[in-house]
Every structure is written in structure tokens, then in C-alpha cells.
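# Understanding the architecture of this molecule
Listed below are the residues making up each chain.
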Amino acid sequence: MPETFTDVKAPPKRLLIKLTRDTLPMVKDKYPFIYLERGRLEIDDASVKWIDSDGNIIRLPIATLNCLLLGPGTSITHEAVKVIAGANCSVCWVGEDSLLFYAHGQTPTSDSRNLREQMKLSADRKKSLEVARRMFAMRFPTADLIGKTLNEMMGMEGYRVRNLYEQKGLEYGVGWKGRNYTPGKFEMGDMTNQVLTACNAALYGILCSAIHSMGYSPHMGFIHSGSPLPFVYDLSDLYKEYLCIDLAFSLTLSMAGQYNKHIVSTAFRERVIEIDLLGKVGKDIEKILEIKHVSRDCQ
């Protein structure tokens, strides 16, 4: 559940709850992840302790965690990394609330069962197409996709998205000249394209962290190919309509020509919390791959 922090202007909503002794999860099985920011991880009597910016000390149940998400202002000692790796707990370095994904550290002895299942499905052309068909079925619940090729379904999706852009433009009274994004030249796009680019990047960051924390790979997809994070892009298309596209047109109208990254970030967070994206991703992956998520315990 999200936590609200006091602020001089307004209490911003957070995707990931601030870790305290009261919010530390009590679990019997592996817990997907814990998010930490503004503090340091150290070792005390062979256990990992978190010291936050206020000096509070919390001992972390590393053996019951799949992944630590380290946000801004965190530091970690070499000895802490050693103990965390020994407990088969991976580490991800992310931006605030995991809206940006930077790097992932995986232990050499980590359980690869989910990854192996993903590899089997991705390597088998027939099974890979079935996975893709299940993803398209989530966007075309009434369509008969049996017998459709990947290219045919991608064509259906392209047509749907183009119509969606036009519908949202009419709904919000915003002009739309098409998707336009040049890497490294964010400011060259119009207002709607700028918001789309920012929200897409934030969505990719959240999904990349979630995929890693559950023991899957963002590099093995079923629809997208020729890109660095195909599974992230596959999943993101399930959530973009409300989280990115509708929001982009809505904010283009409300910001009235003045792009404000804080307004965009706040609005995006609120929608992610509203649909419980972090709770949906794991369930959706299980449904798409038709494999039960397994905790990455020691083999």
C-alpha cells in the first residue's frame, strides 16, 4: 500500500511504501522486493541492517527477500553485498519509486527456474506465438485470434493504437499529428509527445524492476524483437492506454502549453497506485506465461 509523506506544498503519493519497523513485511515465503532510499546498508553480527536518514536501524530479513530495490541516496558496504548474495537476494539500482531502472546485480547461485521456463517458451516458436496471442487477447477480448499470425495481430494492435490516439485527441480537444520522438531531443516533441515519452520511460523502469525481482529476464520477449528490453515492451503495451496515452492527452489540456515534469510525475504515480500496477504485474505474467511464479529459494 502507498504511504503519504508530509510536504510543505502537498503530500505526494508514493508507489512504494517507506520502510519502517512497522511496515517491514512478515512473510513465510520469499517476498518479491523491498524498496529502500536515503540511507545505508551495513553488516552487524552477520545480519544486514538498514540505517535510514533519520538514524533509525532496521534489520532486514534478507533470507526471505527476492530482491532489494535501492533508490536515491542509498549506499551499501562490500560486506553487505557479500551477505546479501549469500542469501540469494538480488539487488536493483533504481530511481525514486523505481520510475527509472539503472542496473541489476544477480547472485551466481540464484534460482533460475522462472528464467528457464521463460527461455523454453521464448525459444519454441509455437509456444512463443501462444504467449503472444494471450497478450493480444487481453487487449482484444472479443476477437477470435485463433490461427492469427504474429504479424496479423501486430497489425491489429497498430490500427487500434492509431485509432486510440485520434479518439483521445477528440475527447480532450487536443490536436494530434502522430507519435514523434527523437532520442536525445526530448524538447523537440510537442506537449503530448513529451508526456508520452516521460510516462513510457517511467513505466519501463517499474516493469524492469518487477521482472527482475520475480526472476524473469527483460531481454526475452514474445512480440517485440530487435530491442534491448523486449519483454518490458511486451508487458508495457498492456498498461499504456490508461497510464500513458490517456494521461498524455489529459495533461496536454491541463498544462496549457507549459510542460511541468513534476505534474507529469505526480499524475503518473497516482494512476499507477490507482490500478495497483505492482500487484497486477506478477499476476499478469503468470497468466501470460501460464506458469506458476516460484520463489527463488536455494536449490
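Residues numbered from 1 in each chain as written. Predicted model: local features only at pLDDT ≥ 70, side-chain atom pairs only at ≥ 80, totals over all residues. Heavy atoms only, no water.

## Topic: the overall build of the protein chain
The number of helices and strands found in the protein chain is nine helices and eight strands. The contacts in the protein chain between residues at least 6 apart in sequence include a share of 62% that link residues at least 24 apart. (Helix = DSSP H or I, 4+ residues; strand = E, 2+ residues; numbered from the N terminus. Contact = heavy atoms within 4.5 Å.)

## Comments concerning the state of the cysteines
Think of a disulfide as a covalent bridge from one cysteine sulfur atom to another cysteine sulfur atom. A full pass over the atoms with the stated rule returns zero disulfides. The thiol of Cys208 is unpaired, and the distance to the nearest cysteine sulfur, on Cys92, comes to 7.5 Å. According to the relative accessible area criterion, Cys208 is buried, its value standing at 3%. (Disulfide = S-S within 2.5 Å. Buried < 20%, exposed > 50% of the residue type's maximum accessible area, 1.4 Å probe, protein only.)

## Notes on the nonpolar core
By size, the foremost hydrophobic cluster in this structure holds 52 residues, and its most contacted members are Leu235, Leu243, Phe268, Leu277, Val281, Ile285 and Leu289. With 11 residues, the single largest contributor to this core is helix 5 (residues 191-213). The contacts of Ile285, once residues within four sequence positions are left out, are Ile211, Met214, Tyr216, Phe231, Leu235 and Glu290. Formed by 15 residues, the second largest nonpolar core is a distinct cluster that contains Leu41, Val48, Ile58 and Val91. (Core = buried A, V, L, I, M, F, W, Y, C linked by side-chain atoms within 4.5 Å.)

## A closer look at the packing of aromatic side chains
Two numbers describe a pair of aromatic rings. These are the distance of the centres and the angle of the planes. Under the counting rule described, the total for this entry stands at five aromatic pairs. Between Trp176 and Phe249 the ring centres are 5.4 Å apart and the planes differ by 55 degrees, which places this aromatic pair in the tilted class. Of the two residues, Trp176 is situated in the loop between helix 4 (150-172) and helix 5 and Phe249 in helix 7 (residues 240-255); the sequence distance between them amounts to 73 residues. Between the aromatic rings of Phe222 and Phe231, the centroid separation amounts to 5.8 Å while the plane-to-plane angle is 75 degrees, which identifies the pairing as edge-to-face. One exposure class covers both Phe222 and Phe231, and it is buried. Among the aromatic side chains, those forming a connected cluster through ring pairs are Tyr165, Trp176 and Phe249. In this structure, Arg271 is placed above the aromatic ring of Tyr242, and the distance from its NZ or CZ to the ring centre is 4.2 Å. (Phe/Tyr/Trp six-rings, centres within 6.5 Å; stacked < 30°, edge-to-face > 60°. Lys NZ or Arg CZ within 6 Å of the ring centre and 35° of its normal.)

## Describing helix 2 (residues 113-123)
Taken as a whole, helix 2 has its buried residues at Asn114, Gln118 and Leu121. Buried positions in helix 2, seen along its axis, are confined to an arc of 65 degrees and lie on one side of it. Seen from the buried face of helix 2, the exposed residues on the opposite side, beyond 90 degrees, are Lys120 and Ala123. Considering only its buried residues, helix 2 is in contact with helix 3 (125-139), helix 6 (230-236) and helix 9 (277-289). (Arc of directions from axis to C-beta.)

## Focus: the packing of helix 3 against helix 4
Contact geometry for helix 3 and helix 4: axes closest at 11 Å, N-to-C directions at 20 degrees. The pairing of helix 3 with helix 4 is recorded here as roughly parallel in orientation. In this structure, helix 3 meets helix 4 at a crossing whose hand is left-handed. For the pair helix 3 and helix 4, contact is made by Leu129, Ala132, Arg133, Phe136 and Arg139 and by Leu150, Met153, Met154, Glu157 and Arg160, respectively. Of the residues that constitute the contact of helix 3 with helix 4, the class distribution is six nonpolar, no polar and four charged. (Axes fitted to C-alpha atoms, helices over the stretch in contact; angles between N-to-C directions. Parallel < 35°, antiparallel > 145°, perpendicular 65-115°, else oblique. Left-handed = near helix turned anticlockwise from the far one by under 90°. Nonpolar A, V, L, I, M, F, W, Y, C, P; charged D, E, K, R; others polar.)

## A look at the environment of Lys261
Take Lys261: it is sitting in helix 8 (residues 261-275). Note: C-alpha distance between Lys261 and Gln194 (67 residues apart in sequence) is 9.6 Å.

## Here's the deal with the side chain of Asp284
Checked against the element boundaries, Asp284 lands in helix 9. Within the buried core, Asp284 has no salt-bridge partner, and the shortest N-O distance to an opposite charge, that of Lys280, equals 4.2 Å. (Lys, Arg positive; Asp, Glu negative; His and termini not counted. Salt bridge = Lys/Arg side-chain N within 4 Å of Asp/Glu carboxyl O.)

## Brief notes about the sheet that holds strand 8 (residues 101-105)
As summarised here, the arrangement of the four strands in space is 1-5-7-8, forming an open sheet in which the pairing is mixed. Of all strands in the sheet, those bounded by a partner on one side alone are strand 1 (34-36) and strand 8. Each adjacent strand pair in this sheet contributes to an overall mean axis angle of 20 degrees, direction not counted. Helix-sheet contacts for helix 5 involve strand 5 (67-70), strand 7 (90-94) and strand 8, and the interaxial angle to strand 8 is about 10 degrees. (Pairing = 2+ DSSP bridges.)

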